[in-house]
Amino acid sequence: MSILFIPNWNVRMLKDDDSCVQAPDKVVEGKPYWFFRHFDKVPDVTVLDRGPDSWFRSLEQKAKFYVRQPWQAVRQCANYDLVISHGAQSGLVFELLSSWTRHRCPHLMIDVGCLNGGRINRTETPLIRYALRQAPHIVTHNSHQLDFYRQYYPKLAEKARFIPFGVDIDYFAPQPHSDSRTMVAFGHRKRDYETLCQAFPRGEGWTLQVIGDRSLQSRYGCNDIQFYDAMPLNVLMEHIAQSEAVVVPLPELPYSYGQMTLLQSMAMARPVICTLTTGTMDYVGHADCVETVRPSDVTAMRDALRRMMQRSDDERRGLGMQCRYWVEANFSEARMAHQLEQYIDQILQS
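Position numbers for residues count from 1 along each chain, tracking the sequence in the order it is written. Whole-chain, interface and lining totals are the exception, using all residues; otherwise, since this is a predicted model, local features are given only for residues with pLDDT of at least 70 and side-chain atom pairs are given and counted only at 80 or more. Only hydrogens and water are set aside; all other atoms, that is, all heavy atoms of the structure, feed into the side-chain values.

Caption draft 1: A look at the overall build of the protein. We count a stretch as a helix when DSSP gives it H or I for four or more residues in a row; a strand needs E for two or more, and each element gets its number in order from the N terminus. Within the protein, the secondary structure is distributed over 15 helices and 14 strands. A radius of gyration in this sense is built from C-alpha atoms; the matching globule rule multiplies 2.2 Å by the number of residues raised to 0.38. Its C-alpha atoms give the protein a radius of gyration of 21 Å, within 12% of the compact-globule value 20 Å for 350 residues. If one aligns the C-alpha atoms of the protein with their principal axes, the spans along those axes are about 65 × 45 × 40 Å. When checking whether two residues touch, look at their non-hydrogen atoms; a contact exists if any pair is within 4.5 Å. For the protein, contacts bridging at least 24 residues in sequence account for 67% of all contacts bridging at least 6. Accessible surface for the protein amounts to roughly 16,100 Å². Of this, 49% is attributable to carbon and sulfur atoms. The charge count includes Lys and Arg as positive and Asp and Glu as negative, but it does not include His or the ends of the chains. Just so you know, the charge point we use is NZ for Lys, CZ for Arg, CG for Asp and CD for Glu. For the protein, the distance from the average site of its 39 positive side-chain charges to the average site of its 40 negative ones is 7 Å. Using a 1.4 Å probe, accessible areas were evaluated by the Shrake-Rupley method; residue-level cover was limited to the displayed protein chains.

Caption draft 2: Region of interest: the pairing of strand E7 (residues 137–140). Residues His137 and Val139 point to one face of E7 and Ile138 and Thr140 to the other, with burial holding for every one of them. Two elements, strand E6 (residues 107–110) and E7, share three bridges in a ladder whose sense is parallel. Across the sheet, residue methionine 109 finds its bridge partner in E7, namely isoleucine 138. Buried residues are those whose accessible area, probed at 1.4 Å on protein chains only, stays under 20% of the maximum for their type, while exposed residues exceed 50% and partly exposed ones sit between those limits. A pair of strands is labelled paired if DSSP reports no fewer than 2 bridges between them.

Caption draft 3: Region of the structure containing the pairing of strand E1 (residues 2–7). The buried fraction of E1 is high, at six of six residues. Across five bridges, the pairing between E1 and strand E5 (residues 82–86) is parallel. By the bridge assignment for E5, proline 7 is matched with histidine 86.

Caption draft 4: Inspection of the nonpolar core at higher detail. In this text, buried Ala, Val, Leu, Ile, Met, Phe, Trp, Tyr and Cys residues form a nonpolar core when linked through side-chain atoms within 4.5 Å. Formed by 71 residues in total, the largest nonpolar core has its most connected members in Phe5, Tyr33, Phe36, Ile84, Leu115, Met266 and Val290. Residues contacting phenylalanine 5, with those up to four places away along its chain left out, are Tyr33, Trp34, Phe36, Val45, Thr46, Val47, Leu48, Ile84 and His86. Of all hydrophobic cores here, the second largest spans 24 residues; its members include Cys197, Phe200, Ala245 and Ile273.

Caption draft 5: Local environment of the packing of helix H3 (residues 88–98) against helix H5 (residues 124–131). Their axes nearest at 8 Å, the elements H3 and H5 cross at an angle of 55°. Classified by the angle between their axes, H3 and H5 sit oblique to one another. In this structure, H3 uses Leu92, Glu95 and Leu96 to contact H5, whose residues at the interface are Ile128, Tyr130 and Ala131. Its residues assigned to classes, the contact of H3 with H5 shows five nonpolar, no polar and one charged. Every axis in this analysis is a line fitted to C-alpha atoms, fitted for helices over the stretch in contact. Angles between the N-to-C directions lie between 0 and 180 degrees. Should an angle lie under 35 degrees it is considered roughly parallel, over 145 roughly antiparallel, and from 65 to 115 roughly perpendicular; all remaining angles are considered oblique. Asp, Glu, Lys and Arg are counted as charged, while Ala, Val, Leu, Ile, Met, Phe, Trp, Tyr, Cys and Pro are counted as nonpolar; the rest, among them Gly, fall into the polar class.

Caption draft 6: Layout of the side chain of threonine 278. Summarising the element assignment, threonine 278 is placed in the loop between strand E13 (272–275) and helix H12 (281–284). The exposure class of threonine 278 is buried, given its relative accessible area of 19%. Counting of polar contacts relies on pairs of N or O atoms within 3.5 Å, with two restrictions inside protein: one atom must be capable of donating a hydrogen and the other of accepting it, and residues adjacent in sequence are counted only when both atoms are side-chain atoms. Side chain to side chain, threonine 278 and glutamate 252 meet in a polar contact 2.6 Å long. Ignoring any residue separated from it by four or fewer positions in sequence, one finds threonine 278 in contact with Asn142, His144, Glu252, Leu253 and Pro254.

Caption draft 7: Spotlight on unusual backbone geometry. Not every positive phi belongs to a glycine, and leucine 115 is a case in point at roughly 65°. Along the chain, leucine 115 turns up in helix H4 (residues 114–117). A positive phi is found at alanine 135, a non-glycine position, where the angle reads about 55°. As for its position among the elements, alanine 135 is in the loop between H5 and E7.

Caption draft 8: Local environment of the environment of serine 296. The topology assignment puts serine 296 in the loop between strand E14 (291–293) and helix H13 (298–310). Judged by relative accessible area, which is 54%, serine 296 ranks as exposed. Setting aside its immediate chain neighbours within four residues, serine 296 contacts Asp192 and Thr195.

Caption draft 9: Representation of the packing of aromatic side chains in the model. The criterion for an aromatic pair is that two Phe, Tyr or Trp rings (for Trp, the six-membered ring) have centres within 6.5 Å, with stacked assigned to planes under 30 degrees apart, edge-to-face to planes over 60 apart and tilted to the rest. The full count for this structure, using the stated rule, is 18 aromatic pairs. Members of the aromatic cluster, joined through ring pairs, are Phe5, Trp9, Tyr33, Trp34, Phe35, Phe36 and Phe39. For a Lys NZ or an Arg CZ to count as sitting over a ring, it must be within 6 Å of the ring centre and within 35 degrees of the ring normal. When the ring centre of tyrosine 153 is taken as origin, the NZ or CZ atom of arginine 129, which lies over that ring, is 5.5 Å away.

Caption draft 10: Representation of the environment of phenylalanine 148. The residue phenylalanine 148 is located in helix H6 (residues 144–152) in this model. Residue class for phenylalanine 148 comes out buried when judged on its relative accessible area of 8%. Between the C-alpha atom of phenylalanine 148 and that of serine 215, which follows or precedes it by 67 residues, the distance is 33 Å. Ignoring sequence-local partners within four residues, the contact set of phenylalanine 148 consists of Cys114, Leu115, Gly118, Arg119, Ile120 and Tyr153.

This is the structure:
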C-alpha cells in the first residue's frame, strides 16, 4: 500500500535519526514514518509538507488554509492508493481541488481542528459543505466532533470515526525524580496560563516553570513562577524529568488540543493536573490518577495545586506510575496505529 501524507506542518528529511526531533516532524532515510511503523503491513509513505517559508506561505498562514501543498498533492495522488491529510487547512483544499478532477483517490482527513474551529456561520459553513460535498473519510481524536458532524455536516458523519490520539510510550518513558519541588506547564498555543499563574500558591517552597510562553512574565514572574522560551524536545524532557508534577491548563474549545502534552507527561510517569475540557474528556474523564479542574476556575486550580503539594513523595510517584499504566493501556501510539490501519483497510475495500 502506498500513501501520500500531507500534514499542516513542516517535516525534516534526515539521513540519520535525530532524537531531539519528534517523530511527526521527521522522515528518517530507510525507516518508516511516525505511527505507520506500527502497522502490521507497513505502507510506503511519502510525506508532502507545507514547503519552505516564503511570501506565499505567509499569505497562506494568514488565510488559514494552504493552496500550494494540496495542489501538488492533487497532481501526484494518482500514484498512490490513499491520501491522508492531517488538518483541515490542507485537507479541505485538497478535497475541493480533487473533486474537480477525473481521478478520485481515496482521501482520509485527520481533522484535529473541527474543520474551522467548530464555528458555524453563514459564510464559512456553506463553503465547507461544498468543498466536502463528496464526503471524504474522517478521523477525529475528539469524540465530541462526531456530534458536531451529525448536526452540521451529516454527510460527513457517515464516514467519520473517533480514534484516540496515541503517544510513543517507548520514547516518553519514566525518568528518575530529583526532589526539586518543581511543577512544569509547557506549550505555547491554547493554554490558560492566566488561570494557572493566578492560582499558583506562593511562598510554600514550590516553583512553577512555564515553558513556551513568556507573555505573562511581567505580571507574574517571580522566584515562585519562572518563565522560559520554547526549547528543544530533549531539553523539555529534562525539565519534565526534574519536576514532581505537570500542569496542563487549557481553555474550553470544541476540538482536539492539549492531548499530546497530557499524554507525554503521563507516559513519563508524572502526576498531572489537567483542565477537563471537550478536548481532554476522552482521555482523562474516567482516569482516577489525574486531578482534573473546571476551565477558568482559579479556586479549583489552586485547591488542586495545594493537594498535589501536600501529598507525600511516595503518593505523587504512585500517581505518576498510575498515569503511565493508564497511557500504556489506552493511549499508546501503537494502539492508535492499529485502529487507523483497520479503518484504512475498510476504506480501501469499500
